[in-house]
Amino acid sequence: MDFDKSYTMTINGAGVAGAGTYPVLNPATEEIIAQAPDCSAAQLDEAIAAARRAFPAWKATPIEQRQKLVLAIAGSFIEHATALGALLTREQGKPLAEARAEAMAPALWAQALAAMQLPVTVNEDSAELRSETHHVPLGVVGAISPWNFPVLLTMWKVLPALVAGNTVVLKPSPHTPLTVLKIGEMLRGVLPPGVLNVVTGGDELGPWMTAHEDIDKITFTGSTPTGKKVLQSAAGNLKRVTLELGGNDPAIVLPDVNVDEIAPRLFWSAFKNSGQVCIATKRMYVHKDIYDDVARALVAYARTVKVGNGADEGTQLGPVQNRPQYERVKNLIEDAHAHGLRFLAGGEVPVGPGYFLPISIVDNPPEDARVVSEEAFGPVLPLLRYDDIDEAVRRANDSPYGLGASVWSADTDRALSVAVRLECGNVWINDCQYLRPNAMFAGHKQSGIGVENGVEGLLEYTNPQTIVMRKSAAAR
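Just so it is clear, the structure is predicted and the values come from calculations on it, not from any experiment.

Colleague: How do you make sense of the overall build of the chain when you look at a structure like this?
Modeller: Per the secondary structure count, the chain includes 15 helices and 22 strands. The globule rule puts the C-alpha radius of gyration for 476 residues at 23 Å, and the 23 Å found for the chain is close to it. If you line up the chain on its principal axes, its C-alpha atoms span 80 × 60 × 40 Å. Counting contacts in the chain only where the partners sit at least 6 residues apart, residues at least 24 apart contribute 72% of the total. Accessible surface, the chain: about 18700 Å² in total, of which carbon and sulfur atoms supply 52%. Seen as two clouds, the 42 positive and the 53 negative side-chain charges of the chain have centres 4 Å apart.

Laid out in structure tokens, this is it:
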């Protein structure tokens, strides 16, 4: 399989050129690396129609057989991880080692889903009557995946949809279409035609999908403002929706920690993937007794981290992925300067090609500063001083978002007592961003609707169906 030359959509199991093309850039160099297919409205209709035709047979395929094909998908990712990772670095910007790890990760998720079962609940079983609740597939799923983890988060959607018996029309972000197009190509020989269709295009394609009357569910990962538009658009035919949206995730550092020991982990909780992680630490609350020590340790560690082209050896942080996000984070940095905020590290945007921003740490800004109240989704972290734990919890919860949080302490019982007070779907203690396919992932407040991962995530791709049977002996 050639990972460098042609890029085609996958419709009904075949490679299809777009009605036009659009350029894809390497964010480290701003050079055009490929032309991606630009799907027309008519081609989207073809993809959805192919998925609709394939649905009855795929639904009728025993789940055990569907899971065998999902295991074959795992094998495809293992086989192509090196080439897929290299392509991911070119279009997304992340360091090559992280890109290869992401290219391998869907195999773990596929193996877990191949072992999951759709539960059957027996509600009543008497001499006269038996009542059971089953879970049946929805139909055609429209999956819209983001640019920060385009391989893994794409497969978070595709794999459970397939196991549950749905067919899929998949659209990646227009900023990172190439790896997803190659995934479609990889799986043409694994799945029956029409079961997985991959389309790419510009800003019109997503709204066409979310409003389309012949799509039964939309699963979307992206920003909260866009998620609200998706929800409104999906209301036309009451599509089922799963929305994994933004977060302004707090970390609370208690005064009993070993600062030198946890400083690297605190740093990566915020700056992994150049801060472009929904569950990255976006606000770090540090107790006043250790604030200065934590600040010094983080700044010292930041100086050791190499920022550069993800394809270069030794690079640990790459560029921001795309121009609009680069401009947004740059504007946050400029706003902080304009309001007289002090940078402990970074704060000066380099001149030159590529969407590079410095590792920036802001010293105790006020809560109403944009750098605190907005999700940066870039390499910018406000350090915030607090006096007591009740204050820290109150400030951490004072957000419209509720995706993730972390608590850091030498006393895990004390940390747990703090964790349960935080208003979010995912809390880590002395860790951050640890995710596995068997543990459900969900946001509170405006961080999303629905669940991904775990059996609960699998059930998101089904409708419950209760069957009540009056037993024949009693009927006579």
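Colleague: Can you help me understand the packing of aromatic side chains in this one?
Modeller: Any aromatic ring pair is given by two values, namely how distant the centres are and how the planes are angled relative to each other. Per the counting criterion, the structure on display carries eight aromatic pairs. Plain terms: the ring middles of tyrosine 326 and tyrosine 355 are 5.7 Å apart, the flat faces sit at 40° to each other, and that makes the pair tilted. Here tyrosine 355 lies in the loop between strand 14 (343-345) and strand 15 (360-363) and tyrosine 326 lies in helix 10 (residues 323-338), a separation of 29 residues in the sequence. Clustering of aromatic rings is evident, with ring pairs tying together Phe267, Trp268, Phe271 and Tyr301. Between lysine 182 and the ring centre of tyrosine 7, over which it is positioned, the NZ or CZ distance is 4.9 Å. Positioned above the aromatic ring of tyrosine 291 is the side chain of arginine 385, whose terminal nitrogen or guanidinium carbon lies 4.1 Å from the ring centre.

Colleague: Teacher, can you tell me more about helix 4 (residues 152-163) here?
Modeller: Side chains of residues three or four places apart in an α-helix project in the same direction, reflecting 3.6 residues per turn. For helix 4, which comprises twelve residues, the first-to-last C-alpha distance of 17 Å matches the rise-based estimate of 16 Å (1.5 Å per residue) to within 8%. For helix 4, the buried fraction is high: twelve of the twelve residues fall into the buried class. For helix 4, the full list of buried residues reads Leu152, Leu153, Thr154, Met155, Trp156, Lys157, Val158, Leu159, Pro160, Ala161, Leu162 and Val163. Glycine 165 occupies a position one or two residues after helix 4 and carries a positive phi of about 105°.

Colleague: What is the right way to read the sheet that holds strand 5 (residues 121-125) from this model?
Modeller: Think of a sheet as strands paired side by side through backbone hydrogen bonds, with each pair either parallel or antiparallel. With respect to topology, three strands assemble into an open sheet ordered 5-6-22, the strand pairing being antiparallel. Only two strands of the sheet have a single neighbouring strand rather than two, namely strand 5 and strand 22 (462-470). For this sheet, the mean angle separating the axes of adjacent strands, direction not counted, is 20°. Alignment of strand 5 against strand 6 (residues 129-137), held across four bridges, turns out to be antiparallel. Note that in strand 6 the partner of aspartate 125 across the bridge is arginine 130.

Colleague: Is there a simple way to think about empty space enclosed by the protein in this case?
Modeller: If a probe as big as a water molecule is rolled over the atoms, it shows which places are left empty. Evaluation of the coordinates by the stated rule reveals five cavities of 30 Å³ or more. Lining the largest cavity are 15 residues, with Pro250, Ala396, Tyr401, Glu423 and Cys424 sitting closest to its centre. Looking at the lining of the largest cavity, the elements that each hand over two or more residues are helix 12 (389-397), strand 17 (401-402) and strand 18 (404-408). Here the lining of the largest cavity is built from residues that sort into seven nonpolar, four polar and four charged. The space that makes up the second largest cavity amounts to roughly 60 Å³. For the second largest cavity, the full set of lining residues is Trp109, Leu113, Trp156, Pro160, Pro437, Asn453, Gly454, Gly457 and Leu458. Looking at the lining of the second largest cavity element by element, the count peaks at three residues for helix 14 (residues 454-459). Its residues assigned to classes, the lining of the second largest cavity shows six nonpolar, three polar and no charged.

Colleague: What exactly am I supposed to notice about helix 2 (residues 63-92) here?
Modeller: Under the 1.5 Å per step criterion, the end-to-end length of helix 2 is only 34 Å for 30 residues, more than 12% shorter than the ideal 44 Å. Remark: the principal bend of helix 2, roughly 70°, maps to alanine 81. The positive-phi residue at the C-terminal boundary of helix 2 is glycine 93, with phi of around 105°.

Colleague: Got a minute to help me understand the sheet that holds strand 12 (residues 250-253) in this structure?
Modeller: One open sheet holds the seven strands; their spatial order is 14-15-16-13-12-18-19, and the pairing between them is mixed. Each edge of the open sheet carries a strand with a single partner, namely strand 14 and strand 19 (426-429). Ignoring strand direction, the axes of neighbouring strands in this sheet form an average angle of 25°. In terms of strand pairing, strand 13 (residues 283-287) meets strand 16 (residues 380-386) through four bridges, oriented parallel. In the strand pairing of strand 16, histidine 287 is matched with tyrosine 386. Contacts from helix 9 (residues 291-302) reach strand 13, strand 14, strand 15 and strand 16 within the one sheet, and its direction differs from that of strand 16 by about 165°.

Colleague: What exactly am I supposed to notice about the layout of surface pockets here?
Modeller: There is about 980 Å³ of room inside the largest pocket. In terms of lining residues, the largest pocket is bounded by 34 residues, among which Trp147, Phe220, Gly222, Ser223 and Thr226 are the most central. Elements supplying a minimum of two residues to the lining of the largest pocket: helix 6 (205-211), strand 10 (217-221), helix 7 (224-234) and helix 10. At six residues, the largest contribution of residues to the lining of the largest pocket is made by helix 7. Considered class by class, the residues forming the lining of the largest pocket number 13 nonpolar, 16 polar and five charged. Considering only enclosed or pocket space, the second largest pocket measures out at about 480 Å³ in volume. Phe149, Leu152, Lys272, Gln433 and Leu435 are the residues nearest the centre of the second largest pocket, which is lined by 22 residues in total. The set of elements that each furnish at least two residues to the lining of the second largest pocket consists of helix 3 (96-113) and helix 4.

Colleague: Just checking my understanding: could you explain the pairing of strand 6 for this structure?
Modeller: It is a general feature of regular strands that their side chains alternate between the two faces of the sheet. Hairpin connection between strand 5 and strand 6: a loop of three residues separates the two successive antiparallel strands. Bridging between strand 6 and strand 22 involves nine bridges; their strand directions are antiparallel. The residue bridging leucine 129 from the neighbouring strand is arginine 470, located in strand 22.

Analysis parameters
Residues numbered from 1 in each chain as written. Predicted model: local features only at pLDDT ≥ 70, side-chain atom pairs only at ≥ 80, totals over all residues. Heavy atoms only, no water. Helix = DSSP H or I, 4+ residues; strand = E, 2+ residues; numbered from the N terminus. Rg over C-alpha atoms; globule rule 2.2 N^0.38 Å. Contact = heavy atoms within 4.5 Å. Areas by Shrake-Rupley, 256 points an atom, 1.4 Å probe, with all protein chains shown as cover. Lys, Arg positive; Asp, Glu negative; His and termini not counted. Charge placed at Lys NZ, Arg CZ, Asp CG, Glu CD. Phe/Tyr/Trp six-rings, centres within 6.5 Å; stacked < 30°, edge-to-face > 60°. Lys NZ or Arg CZ within 6 Å of the ring centre and 35° of its normal. Expected span 1.5 Å × (residues − 1). Buried < 20%, exposed > 50% of the residue type's maximum accessible area, 1.4 Å probe, protein only. Pairing = 2+ DSSP bridges. Axes fitted to C-alpha atoms, helices over the stretch in contact; angles between N-to-C directions. 1 Å grid on protein atoms, 1.4 Å probe; cavity = no way out; pocket = protein on both sides within 12 Å on 5 of 7 lines; lining within 4 Å. Points joined across faces, edges and corners; volume = space filled by probe spheres on them. Nonpolar A, V, L, I, M, F, W, Y, C, P; charged D, E, K, R; others polar. Bend = angle between axes of the 7 residues up to and from the residue.

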